Amino acid sequence: MNNESLVTYVIVVLCLGAVLIMSKDKMPPHMKRGMALTAVIMIALAFVFIIYSLLT
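1. Let's talk about the overall build of the chain
At step 1: Along the backbone of the chain there are two helices and zero strands.
At step 2: Its C-alpha radius of gyration of 13 Å places the chain more than 25% over the 10 Å reference for a compact globule of 56 residues.
At step 3: With 56 residues in all, the chain has 16% of them scored as buried.
At step 4: Of the accessible surface of the chain, which amounts to about 4500 Å², a share of 75% is contributed by carbon and sulfur atoms.

Okay, structure coming up:
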């Protein structure tokens, strides 16, 4: 796995999570659940990639 792309992915996903947390009051209610679910899945996948890269 390419480490540069992994680092870029992790940074982008964590920034997405931070933006969603900071702007949760401004988002329409019908978008909150989908965006939060997408962010949680992407953040979990980022941590899986980090563990995988540490083990290999």
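2. With respect to the layout of surface pockets
At step 1: For the largest pocket, the calculated volume is near 160 Å³.
At step 2: Every residue along the wall of the largest pocket is listed here: G17, L20, I21, K24, M27, K32, M35, A36, A39, V40 and I43.
At step 3: Of all elements in the fold, only helix 1 (3-22) and helix 2 (29-55) reach the threshold of two or more residues within the lining of the largest pocket.
At step 4: Here the element with the most residues in the lining of the largest pocket is helix 2; it accounts for six residues.
At step 5: Residues that form the lining of the largest pocket fall into these classes: eight nonpolar, one polar and two charged.

3. Here's the deal with a nonpolar patch on the surface
At step 1: Taken together, the side chains of I51, L54 and L55 make up a nonpolar region of the molecular surface, amounting to roughly 370 Å² of accessible area.
At step 2: Position of I51 relative to the elements: it lies in helix 2.

4. So, the packing of helix 1 against helix 2
At step 1: Where helix 1 contacts helix 2, the two axes come as close as 9 Å, and the packing angle between them is 150°. The angle between the axes of helix 1 and helix 2 places the two elements in the roughly antiparallel class. For the pair helix 1 and helix 2, the sense of crossing is left-handed. Where helix 1 abuts helix 2, its residues L6, Y9, V10, V13, L16, G17 and L20 lie against M35, A39, M42, I43, L45, A46, F49, I50 and S53.
At step 2: Tallied by class, residues from the contact of helix 1 with helix 2 come to 14 nonpolar, two polar and no charged.

5. A few points about helix 1
At step 1: Here helix 1 contains 20 residues, and its C-alpha end-to-end distance of 29 Å stays within 8% of the 28 Å for a straight helix at 1.5 Å per residue.
At step 2: Buried within helix 1 are the following residues: L6, V10, V13, G17 and L20. Along the axis of helix 1, the buried positions cluster into a sector of 95°, meaning they face one direction only. Of the residues in helix 1, the exposed ones pointing more than 90 degrees away from the buried face are E4 and M22.
At step 3: Structurally, helix 1 contributes buried residues whose contacts are with helix 2.

Calculation rules
- Note on numbering: residues in each chain are counted from 1, in written sequence order.
- Reporting of local features is limited, given that this is a predicted model, to residues whose pLDDT is at least 70; pairs of side-chain atoms are given and counted only at 80 or more, and all residues count toward the totals for whole chains, interfaces and linings.
- With hydrogens and water set aside, each side-chain value is computed from the structure's full complement of heavy atoms.
- Labels follow the DSSP assignment, with helices taken as runs of H or I lasting at least four residues and strands as runs of E lasting at least two, numbered in each case from the N terminus.
- The globule rule used for comparison is 2.2 Å times the number of residues to the exponent 0.38, while the radius of gyration itself is calculated over C-alpha atoms.
- Type-normalised accessible area, obtained with a 1.4 Å probe on protein chains alone, sets the label of each residue: buried when under 20%, exposed when over 50%, and partly exposed for intermediate values.
- Here the accessible surface of atoms and residues is derived via Shrake-Rupley with a 1.4 Å probe, and residues count as covered only by protein chains that are part of the display.
- Here a cavity is any set of points on a 1 Å grid over the protein atoms alone where a 1.4 Å probe fits but cannot get out, and a pocket is any open set with protein on both sides within 12 Å along at least 5 of 7 lines; a residue lines the site when it has an atom within 4 Å of a point.
- Grid points are joined across faces, edges and corners, and a volume is the space filled by probe spheres set on the points.
- Polarity classes work like this: nonpolar for Ala, Val, Leu, Ile, Met, Phe, Trp, Tyr, Cys and Pro, charged for Asp, Glu, Lys and Arg, and polar for all others, with Gly in that last group.
- Residues with no salt bridge and a relative accessible area higher than 30% make up the patches, which join like charges within 9 Å and nonpolar side chains (Val, Leu, Ile, Met, Phe, Trp, Tyr) within 5 Å.
- Salt bridges, as used here, are contacts in which a Lys or Arg side-chain nitrogen is within 4 Å of a carboxyl oxygen on Asp or Glu.
- Lines fitted to the C-alpha atoms define the axes, with helices restricted to the stretch that makes contact. Angles between their N-to-C directions range from 0 to 180 degrees.
- Working rule for angles: under 35 degrees goes down as roughly parallel, over 145 as roughly antiparallel, 65 to 115 as roughly perpendicular, anything else as oblique.
- For any pair of crossing helices, the crossing counts as left-handed if the nearer helix is rotated counterclockwise from the farther one by less than a right angle, and right-handed if it is rotated clockwise.
- Working rule for contacts: check all heavy atoms of both residues, and any pair within 4.5 Å makes them a contact.
- One less than the number of residues in a helix, times 1.5 Å, gives the span that helix is expected to have.
- The directions considered for the arc are those from the helix axis to the C-beta atoms.

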